[in-house]
Amino acid sequence: MNLTVTTWNINSVRLRIGLVTDFLGTHAPDVLCLQETKTPDEQFPAKAFAEAGYPHQAFIGNKGYNGVAIVSKLPFSERDAMAMCERNDARHMSVVLDAGAGPAAGIAIHNFYIPAGGDIADPVANPKFAHKLQFLDAIGAWGVNKNPAGRPSILVGDLNIAPYEHDVWSHKQLLDVVSHTPIETTTLERLRSELGWTDAARTLMPEPEKLYSWWSYRAADWQASNRGRRLDHIWLSEALKPALRQVSFLREARGWERPSDHVPVTVSVAL
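Residues numbered from 1 in each chain as written. Predicted model: local features only at pLDDT ≥ 70, side-chain atom pairs only at ≥ 80, totals over all residues. Heavy atoms only, no water.

K.L.:
Even after reading the chapter, I still don't get the overall build of the chain, so can you show me in this structure?
P.N.:
Helices and strands together make up the secondary structure of the chain, namely six helices and 14 strands. Relative to a compact globule of 271 residues, whose C-alpha radius of gyration would be 18 Å, the chain shows 17 Å and is just as compact. Dimensions of the chain, computed from the C-alpha atoms along their principal axes, are close to 50 × 40 × 35 Å. Across the 271 residues of the chain, 58% fall into the buried class. Of all intrachain contacts in the chain linking residues separated by at least 6 positions in sequence, the fraction that spans at least 24 positions is 67%. Of the roughly 11,600 Å² that the chain leaves accessible, carbon and sulfur atoms contribute 49%. Each charge class in the chain was averaged separately, 27 positive and 30 negative side chains, and the resulting centres sit 2 Å apart. (Helix = DSSP H or I, 4+ residues; strand = E, 2+ residues; numbered from the N terminus. Rg over C-alpha atoms; globule rule 2.2 N^0.38 Å. Buried < 20%, exposed > 50% of the residue type's maximum accessible area, 1.4 Å probe, protein only. Contact = heavy atoms within 4.5 Å. Areas by Shrake-Rupley, 256 points an atom, 1.4 Å probe, with all protein chains shown as cover. Lys, Arg positive; Asp, Glu negative; His and termini not counted. Charge placed at Lys NZ, Arg CZ, Asp CG, Glu CD.)

K.L.:
What's the story with helix 1 (residues 17–27) in this structure? I'm lost.
P.N.:
Structurally, the α-helix is built with 3.6 residues per turn, so residues lying three or four positions apart point the same way. Among the residues of helix 1, those classed as buried are Ile 17, Leu 19, Val 20, Phe 23 and Leu 24. Burial along helix 1 is one-sided: seen end-on, the buried residues are contained in an arc of 160°. Residues of helix 1 that are exposed and point over 90 degrees away from its buried face: Asp 22, Gly 25 and Thr 26. Summarising the contacts, the buried residues of helix 1 are in contact with strand 1 (2–9), strand 2 (31–35), helix 2 (46–51) and strand 14 (265–270). Looking one or two places after helix 1, you find Ala 28, whose phi comes out positive at around 50°. (Arc of directions from axis to C-beta.)

K.L.:
Help me out: how do you make sense of the sheet that holds strand 14 in this one?
P.N.:
Where strands meet in a sheet, backbone hydrogen bonds hold them as pairs that are either parallel or antiparallel. What the six strands build is an open sheet, ordered 3-4-2-1-14-13; its pairing is mixed. Looking at strand neighbours, the two that pair on one side only are strand 3 (56–60) and strand 13 (244–249), the edges of this open sheet. Each adjacent strand pair in this sheet contributes to an overall mean axis angle of 10°, direction not counted. Direction of pairing for strand 13 relative to strand 14: antiparallel, over a ladder of five bridges. (Pairing = 2+ DSSP bridges. Axes fitted to C-alpha atoms, helices over the stretch in contact; angles between N-to-C directions.)

K.L.:
Explain the sheet that holds strand 9 (residues 197–199) here, please?
P.N.:
Here six strands make up an open sheet; going across it, the order is 5-6-7-8-12-9 and the pairing mixed. Each end of this open sheet is capped by a strand with a single partner; those strands are strand 5 (76–80) and strand 9. Within this sheet the neighbouring strands show an average axis-to-axis angle of 20°, counted without direction. Note: strand 6 (residues 92–97) against strand 7 (residues 108–113), five bridges, orientation antiparallel. Following the sheet pairing, His 92 is matched in strand 7 by Phe 112. Contacts from helix 3 (residues 127–146) reach strand 7 and strand 8 (153–158) within the one sheet, and its direction differs from that of strand 7 by about 165°.

K.L.:
Is there a simple way to explain the environment of Thr 7 in this structure?
P.N.:
When you line up the elements, Thr 7 lands in strand 1. Measuring from C-alpha to C-alpha, the distance between Thr 7 and Phe 249 comes to 10.0 Å, with 242 residues separating the pair along the chain. If near-sequence neighbours (up to four positions away) are discounted, Thr 7 is found in contact with Cys 33, Gln 35, Val 156, Gly 157, Asp 158, His 233, Ile 234, Val 263, Pro 264 and Val 265. Polar side-chain contacts of Thr 7 include one of 3.4 Å to the backbone nitrogen of Gly 157. (Polar contact = N/O pair within 3.5 Å; in protein donor to acceptor, adjacent residues only side chain to side chain.)

K.L.:
Would you explain the pairing of strand 4 (residues 68–72) in this entry?
P.N.:
Both faces of the sheet carry side chains from a regular strand, because those side chains alternate between them. Burial within strand 4 is extensive, with five of its five residues counted as buried. Burial along strand 4 is two-sided: Val 68, Ile 70 and Ser 72 and Ala 69 and Val 71, pointing in opposite directions, are all buried. When strand 2 meets strand 4, the two strands line up antiparallel, connected through five bridges. Looking at strand 4, one finds that Leu 34 is bridged to Ala 69. Across five bridges, the pairing between strand 3 and strand 4 is antiparallel.

Shown next as structure tokens:
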């Protein structure tokens, strides 16, 4: 069995539910993890996902901002949504696949939406950036105290950091830009390494290959300028690292009608 998991910052799940169900019909991952769903729980399009073949759902959201969801073909019996930095702002959801998932039973899936951090890379002048750094610290504490990578686990999400030189269109020009500043990149990489996670995409497609998952809406022609960043990530715990088979970035999704500024990223692991 190959387990496929997709992460996608959808930038409003209700606005783009047609794009999502079309994607599911064509690519059919076993599990889809969404960020920035921007919808309260009572308005989440659960019926549309069930009709698309994804009846197993866990979501938490707010009106107009944040929000994460996991929808799955495979059943899960455990779910958890952590309140990060003592804020209930819908930035984490996790599930554990159960016996009905066959060989995938027992695998935990963590879906994160790390704060973007605003425009000024100074935690004193910019409370949003300070919160982003606090959020990273909270992930570190969670990793140490709970050891999520100590079991078969997949961590995905819009982590809002492009950690490597070739995760951005211009390393030199973006060193002072939030998402690629040294304090963000070194902190994220330290957390990933020390907590026992493997960067799936960079394992299969190492530097200096350019990898992007996000292109700004501000670009008049995103495809021609190609000023992208890899903000969306998939990490595997040590137990799943040998099972890694493929990671794909659906670049074409950025050119769909009324698209998200992020594209789906999918991992395949052999079980």
